[in-house]
Structure formats: C-alpha cells, structure tokens
Amino acid sequence: VYGRTRDIGGLNSTFAEAEKKFQANHFLYYNFGLIKMNSGEYEEAIKHLSMAVKLKPQMLEANYNLARANLLLGDKFASHSVPWVHAQLEALKFYEACLKINDKYEPAYISIGIISMSKNPPDYITAIDKFNTALKIEPSSKEAMLNIMTAGYLKKDETLIKKMKKMLAEKYPDDSKVSEIIGLY
C-alpha cells in the first residue's frame, strides 16, 4: 500500500533489484528519480537524479530535473529561509550545468530568470537578461514574454510592460489566457 510504505506497486524493491544488475545505468537512476519527483518524494528524487548526473554529467535532462527537484524541495520551506536558499542555489547550479551542455536551452534561462527574481532583493537585471536570452533562442516563447512583463511590473517599468503587452498581443491574438493576463497589467 503506497500510503504507508511510499512504494508504488513494489517499485522500490524492483528498483533495488535493477540497481544490483545495472549499477552504471544512468537511465535507471534518471527514470526512478523522475518517478520519485512526480510522487512528491523530492529528497529521494534528488538522490537518484544526482546519481544519474554523476554517471553521465552531460545528460541535459538529468541536470534540468535535478534542478527542478531541488526547487520543489525548497518549496517545502519558508521563502528566504536557510533551507529554501540552499535549494535555490542547488537548483541554480544544475540549471547553469544545463547551459554548459547546451547554451541554447531556453527552459534553463527562464528558470534562472525566475530564481533571480525570487532573490532578496530581487535581481531584475539578471532576470530580464535571462528571459531576453530565452526569447532570442525561442522568439515565440510565451513564458519568456510573460516573465519579462512580470519583471517590468515588479520594477515599475511601464515601457517594458507596454512592449511585452504589444508583443504578446501580436504573437498570440487568439489566446484568451494571454489576453486575460495582459488585462491584469
């Protein structure tokens, strides 16, 4: 029963058996880490994703998901507490590793930008720079444009807000969700 043992259908014992047989298989650790992350077991996810990265440091997906698992773990703590900051720094390390593997990996730029905005005090300059880099890589990145607009709002930059509103309206004229968000700014 998962609720008491946190073992989905005997998956922990199946993993233990597979681990004995395939100790150097980065995909084994990666996949089990994703399962643990998706089930909310972030410490376990970090342990297994870290092993995947150790076995194959250039595995972009493992680095990215290891960063995500750290952020999810950090969400369990109060903002700006020591454990939260530690989780943010760990996530940042692995997002930066993603960019060393592929300097055109747009999701890592967006994630670094979001982390920059969550600092105390917020680092809007770095955040906007990272979001703009993501936008250069993927010119239709709705997420990058929305984050730039949010950063503009938070730093009270009306010019930046207007620019992003216009860009979003032009690129996504039929997207009701985008129109709704634009209306909030």
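Residues numbered from 1 in each chain as written. Predicted model: local features only at pLDDT ≥ 70, side-chain atom pairs only at ≥ 80, totals over all residues. Heavy atoms only, no water.

1. Remarks on the packing of aromatic side chains
In step 1: Tallied over the entire structure, the rule returns three aromatic pairs.
In step 2: Taken together, a centroid distance of 5.5 Å and an interplanar angle of 55° make the contact between Tyr 64 and Tyr 95 tilted. Residue Tyr 64 is found in helix α5 (residues 60-74), and its partner Tyr 95 is found in helix α6 (residues 82-101); the two are separated by 31 residues along the sequence. Here Tyr 64 and Tyr 95 have matching classes, each one buried. (Phe/Tyr/Trp six-rings, centres within 6.5 Å; stacked < 30°, edge-to-face > 60°. Helix = DSSP H or I, 4+ residues; strand = E, 2+ residues; numbered from the N terminus. Buried < 20%, exposed > 50% of the residue type's maximum accessible area, 1.4 Å probe, protein only.)

2. Considering the nonpolar core
In step 1: Tyr 30, Tyr 95, Tyr 105 and Leu 168 are the most contacted members of the largest nonpolar core, which totals 51 residues.
In step 2: Looking at this core element by element, the count peaks at eight residues for α5. (Core = buried A, V, L, I, M, F, W, Y, C linked by side-chain atoms within 4.5 Å.)

3. Topic: the pattern of salt bridges
In step 1: This structure, assessed with the given rule, holds six salt bridges.
In step 2: Its salt-bridge partner being Lys 47, residue Glu 44 comes within 3.7 Å of it at the nearest N-O pair. One end of the pair, Glu 44, and the other, Lys 47, are both in helix α4 (residues 42-55), three residues apart, so they sit about a helical turn from each other. (Salt bridge = Lys/Arg side-chain N within 4 Å of Asp/Glu carboxyl O.)

4. What about the packing of helix α9 (residues 142-154) against helix α10 (residues 158-171)?
In step 1: It is the contact of α9 with α10, at a shortest axis distance of 8 Å, that shows an interaxial angle of 155°. Comparing their axes, α10 and α9 come out roughly antiparallel. The two elements α9 and α10 meet at a crossing, and its hand is left-handed. Touching Lys 142, Met 145, Leu 146, Ile 148, Met 149, Gly 152 and Tyr 153 of α9 are Leu 160, Ile 161, Met 164, Lys 165, Met 167, Leu 168 and Lys 171, all from α10.
In step 2: A breakdown of the residues in the contact of α9 with α10 according to their chemical character gives ten nonpolar, one polar and three charged. (Axes fitted to C-alpha atoms, helices over the stretch in contact; angles between N-to-C directions. Parallel < 35°, antiparallel > 145°, perpendicular 65-115°, else oblique. Left-handed = near helix turned anticlockwise from the far one by under 90°. Contact = heavy atoms within 4.5 Å. Nonpolar A, V, L, I, M, F, W, Y, C, P; charged D, E, K, R; others polar.)

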